[in-house]
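Working through the structure, step by step
Residues per chain are reported as follows:
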Amino acid sequence: MHVVIFAGGTLRPGKAFYSAISCEDMFIAADNGGATALQYSCTPHIVVGDFDSHDELLLEDLGKRGGEIRRAAVEKDETDTELAVQRAIDEGATRITLAGALGGTRFDHTMANILLLAGFEDVPITLVDGPSMCWLICGPGSSAINGQVGDLVSLLPLTDDASGIRTKGLYYALKGEALSVGKPRGVSNVLIEEHAEVFVERGMLLIIYTNMQELSALEHITNP
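Keep in mind that what you see is a predicted model, and the values were worked out from it rather than measured. (Residues numbered from 1 in each chain as written. Predicted model: local features only at pLDDT ≥ 70, side-chain atom pairs only at ≥ 80, totals over all residues. Heavy atoms only, no water.)

**Re the sheet that holds strand 14 (residues 204-210)**
Across the sheet, which stays open at both edges, the ten strands sit in the order 4-3-2-1-5-6-7-14-9-12 with mixed pairing between neighbours. Two strands bound the open sheet, and with one partner strand each, they are strand 4 (68-71) and strand 12 (189-190). Inspection of the sheet shows strand 7 (residues 132-138) paired to strand 14 by seven bridges, in the antiparallel sense. The residue of strand 14 that forms the bridge with Cys-138 is Met-204. This element, helix 3 (residues 56-64), spans strand 3 (46-49) and strand 4 of the sheet and lies at about 135° to strand 4. Packed onto the sheet, helix 5 (residues 107-119) meets strand 6 (125-129), strand 7 and strand 14 and runs at close to 160° relative to strand 6. (Pairing = 2+ DSSP bridges. Helix = DSSP H or I, 4+ residues; strand = E, 2+ residues; numbered from the N terminus. Contact = heavy atoms within 4.5 Å. Axes fitted to C-alpha atoms, helices over the stretch in contact; angles between N-to-C directions.)

**Things to note about the nonpolar core**
Ranked by internal contacts, the top residues of the largest apolar core, which has 26 residues, are Ile-5, Ile-28, Ile-96, Ile-125 and Leu-127. Ile-125 has contacts with Val-85, Ile-96, Leu-98, Leu-117, Phe-120, Cys-134 and Trp-135, leaving out every residue within four places of it along the chain. Listed in part, the 17 residues of the second largest apolar core include Leu-155, Ala-162, Leu-191 and Val-200. (Core = buried A, V, L, I, M, F, W, Y, C linked by side-chain atoms within 4.5 Å. Buried < 20%, exposed > 50% of the residue type's maximum accessible area, 1.4 Å probe, protein only.)

**Considerations on the sheet that holds strand 13 (residues 195-200)**
Sheet architecture is open: four strands sit in the order 8-13-10-11, paired in antiparallel fashion. The strands lining the two open edges of the sheet, one partner per strand, are strand 8 (141-146) and strand 11 (175-180). Each adjacent strand pair in this sheet contributes to an overall mean axis angle of 30°, direction not counted. Pairing of strand 10 (residues 161-168) with strand 13, which is carried by three bridges, proceeds in the antiparallel orientation. Each bridged residue has a counterpart across the sheet, and for Lys-168 the counterpart in strand 13 is Glu-197.

**Digging into the side chain of Ser-163**
The topology assignment puts Ser-163 in strand 10. Judged by relative accessible area, Ser-163 falls into the buried class, the value being 14%. Not counting residues up to four positions away in its chain, the partners in contact with Ser-163 are Glu-177, Ala-178, Val-200, Glu-201 and Arg-202.

**Let's talk about helix 3**
What helix 3 keeps buried is the set Leu-58, Leu-59 and Leu-62. Take helix 3 and look down its axis: the buried residues cluster within an arc of 100°, on one side only. Opposite the packed face of helix 3, turned more than 90 degrees from it, sit the exposed residues Leu-57 and Lys-64. Elements that come into contact with the buried residues of helix 3 comprise helix 2 (33-39), strand 3 and strand 4. Looking one or two residues past helix 3, Gly-66 carries a phi angle of roughly 100°, positive in sign. (Arc of directions from axis to C-beta.)

**Here we look at a nonpolar patch on the surface**
The grouping of Tyr-171, Tyr-172 and Ile-192 at the surface amounts to a nonpolar patch, some 360 Å² of accessible area in total. Note on placement: Ile-192 falls in the loop between strand 12 and strand 13. Note on Ile-192: relative accessible area 43%, which makes it partly exposed. (Patch = residues over 30% accessible without salt bridge, like charges linked within 9 Å, V, L, I, M, F, W, Y side chains within 5 Å. Areas by Shrake-Rupley, 256 points an atom, 1.4 Å probe, with all protein chains shown as cover. Salt bridge = Lys/Arg side-chain N within 4 Å of Asp/Glu carboxyl O.)

**A look at the pattern of salt bridges**
Summed over all chains, the structure comprises eight salt bridges. The shortest N-O distance in the salt bridge between Asp-129 and Arg-12 comes to 2.8 Å. Taken together, the positions of Asp-129 in strand 6 and Arg-12 in the loop between strand 1 (2-6) and helix 1 (15-21) put the pair 117 residues apart, joining distant regions of the chain. The buried category is assigned to Asp-129, whose relative accessible area is 9%. Of the charged contacts, one joins Lys-76 and Asp-50 as a salt bridge, the two residues approaching to 2.6 Å between their closest N and O atoms. Pair noted here: Lys-76 is in the loop between strand 4 and helix 4 (80-90) and Asp-50 is in the loop between strand 3 and helix 3, with a separation of 26 residues, a long-range link.

**Looking at helix 4**
Looking only at helix 4, the buried set comprises Asp-80, Thr-81, Ala-84, Val-85, Arg-87 and Ala-88. Projected down its long axis, helix 4 shows its buried positions confined to an angular sector of 160°, all on one face. Gly-92 occupies a position one or two residues after helix 4 and carries a positive phi of about 105°.

Right, here's the structure in full:
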């Protein structure tokens, strides 16, 4: 079951986002991610959070639309997004797309949302933001990357070392090497084929894919 979660950060829509919401089985919102969901005509089935930044009228509206409101304590160990991910898993999610988790004014929440990938490694979670998307692979494991020649792919370890890394279809090929935390060697690799693959033997490896056509269009809008 594919669950799309709207987090509370700024959402930049892109092809990956629209593809995700076109094939969802359930929408879940974390706190004021409910407002973002409605902006894209996505009515959350469940809204989770402490609602410290939520308009009560909007909550009432979400309830009238059939959304289940799940209130959490303001003082808690989990972030609202973490609670939403856990609820998605409890509902039977086998795949999760997380939108609105990388932008906004709270960089600490951005980092926390990336680290969530390591905390829920048994369920594939993809974070989408504008031209970029990221996901985690755990060794031993592999992941396909589909895009256009010239698109960017960055590989960053989330454990001390990610080792036995092999790549196919990337300009800077890795042939069983290791990437270490604190040494961003894996940044800005490039697709030389439309279908690439990354394999890691040990550790956790974050894959960040950027669609260069979308990025260029976004930069043109920002800096005409």
